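Overview (structure and organization)
Residue-level listing of the chains:
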Amino acid sequence: MRRLTASTAAIALLFGIGACSNTETAPEPNPTTDTAEINAHEAGPASPIGFGLSVPKGAVQLGPLVRFRSPALIAAYQPELEAVQAEQAAENLSQTDATPSTAPPSTSPSPTATNKPEGDSFADLDSPPRPDSFVSVMRIDGDPTPTVRRMLAQLAVLVPDAKIVSDDLSAYCQAADRRISNCRLDLTGTTPGNRRLRVQLTVDPGSLLTRTGSIGSLERPVMTVQLTNVGDPRKAQENRDAEKLAGPQDVEKTSETSGWIWPKMDEDAPATGPVIDGFVPPSSATVLLSADRPQFATMTTARATIATEVAATFMAERVRSSQIKRDVISDLNEVIITTWGTDRKGRELRTVHTLSARGNYLTLFVNPAK
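Residues numbered from 1 in each chain as written. Predicted model: local features only at pLDDT ≥ 70, side-chain atom pairs only at ≥ 80, totals over all residues. Heavy atoms only, no water.

Here we take up the pairing of strand β9 (residues 196–204). Two faces, one strand: in a regular strand the side chains alternate between the faces of the sheet. Within β9, seven of the nine residues are buried, which leaves it mostly tucked inside the rest of the structure. Pairing geometry for strand β8 (residues 179–190) and β9, over eight bridges, is antiparallel. Paired with Gly189 across the strands is Leu197, a residue of β9. Between β8 and β9, which pair antiparallel in sequence order, lie five residues; one of them, Asn194, sits at a positive phi of approximately 70°. Pairing between β9 and strand β11 (residues 222–229): eight bridges, direction antiparallel. Paired with Val203 across the bridge in β11 is Met223. (Buried < 20%, exposed > 50% of the residue type's maximum accessible area, 1.4 Å probe, protein only. Helix = DSSP H or I, 4+ residues; strand = E, 2+ residues; numbered from the N terminus. Pairing = 2+ DSSP bridges.)

Set out below in structure tokens:
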């Protein structure tokens, strides 16, 4: 991205931002955020993200890694699923015709609903496709500059042909009066294991104008990393080998050349207000982290039904019911229910509800129109 040149008015405004945080010390607790509740759902540095990447030192991941099947992957396997289901239906019909029932119609009441998790949408296949999209939402607790550089250094090893640099934040960040307003990296590259991946990195420090951080940010920058397989979906599913990545560059041994700094936030946005696209979740949902660039909000709920209702309400208010799609992933440790659709503005909205031993988690996404 290009460096931004601040106008005279912007410089005058931003001089009031004050000192910038560049220390490894933890932030002061914010009264608008339940820090004890949030801390219970953190995953620390070295937690796996995918394809050999992990949460870097200086950051923590909030909630579990968000996983889902991309529309391209679902479309690739949908014909096979429909063919298997049609064959099963024909076999069932044939068996029914061959042995007509003479028993009287049943008058027993319909079975009551249970809390048993749903089965995988592709359970009828011998090998249901695995998720090919991964999103880690992180809060940067340490010094933001080396933390972001550590993440960039890992990405440089994952997609070496992309020529990612880790010593110049101005390559991916924007700033006004040297204060970073946001960072974004979005590129496609090939891994050492010959996977074709789209890699997206974002950092949102909060609002420079109001000096207000995102909900759950504890006045710190919010970082996201999203990895998506963009090669042939079937070939990507066949490649089950783990990525063997070389060690990333030690950013402590080199200097960052832009000299840009991170603005200090005075407080988090209130947890009782809108968290994403004007949406206010119920008080029974605890927001763990959010951001405006990109728009997302991840939360936890005491019961799965609450997360289901929040996801349904969020989508119903923005996307026509006929255009909402749904996918369920079921494995040994988690059940993941994803819904997505495009609103009237051309934006893609997505909800990812993860039911795991750790609890119920829901992440809402609003992606800009293409």
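Right, picking up where we left off after that structure.
This next bit is on the packing of aromatic side chains. We describe a pair of aromatic rings using the distance from one ring centre to the other and the angle between the two ring planes. What the rule picks out here adds up to two aromatic pairs. Seen from their ring centres, Phe51 and Phe134 are 5.5 Å apart, and the 90° between their planes marks the pair as edge-to-face. Of this pair, Phe51 sits in the loop between β2 (48–50) and β3 (53–54) while Phe134 sits in strand β6 (residues 133–140); the two residues are 83 residues apart in sequence, bridging distant segments of the chain. In this structure, Phe51 and Phe134 share a single accessibility class: buried. Here Phe279 and Phe314 contribute two aromatic rings whose centre-to-centre distance is 5.3 Å and whose plane-to-plane angle is 75°, an arrangement assigned as edge-to-face. You can see Phe279 sitting in the loop between β12 (267–268) and β13 (285–292) and its partner Phe314 sitting in helix α6 (residues 304–316), a full 35 residues away along the chain. For Arg234, the ring lying beneath its charged end belongs to Tyr77, and the centroid distance is 4.2 Å. (Phe/Tyr/Trp six-rings, centres within 6.5 Å; stacked < 30°, edge-to-face > 60°. Lys NZ or Arg CZ within 6 Å of the ring centre and 35° of its normal.)

The next point concerns the state of the cysteines. Overall, the coordinates contain one disulfide when judged by the stated rule. One disulfide in the model links Cys173 with Cys183; its S-S distance is 2.0 Å. The S-S bond linking Cys173 to Cys183 shows a torsion near 100°; that makes this disulfide right-handed. With Cys173 in strand β7 (residues 173–176) and Cys183 in strand β8, the pair connects residues that are ten residues apart, well separated along the chain. A relative accessible area of 2% means that Cys173 is categorised as buried. When its relative accessible area of 5% is taken as the criterion, Cys183 is described as buried. (Disulfide = S-S within 2.5 Å.)

Once that is clear, we can look at the sheet that holds strand β16 (residues 334–342). Two strands in a sheet stick together by hydrogen bonds in their backbones, pointing the same way (parallel) or opposite ways (antiparallel). Sheet architecture is open: six strands sit in the order β13-β14-β18-β17-β16-β15, paired in antiparallel fashion. The open sheet has two edge strands with one neighbour each: β13 and β15 (325–330). Along the sheet, successive strands turn relative to each other by an average axial angle of 15°, direction set aside. (Axes fitted to C-alpha atoms, helices over the stretch in contact; angles between N-to-C directions.)

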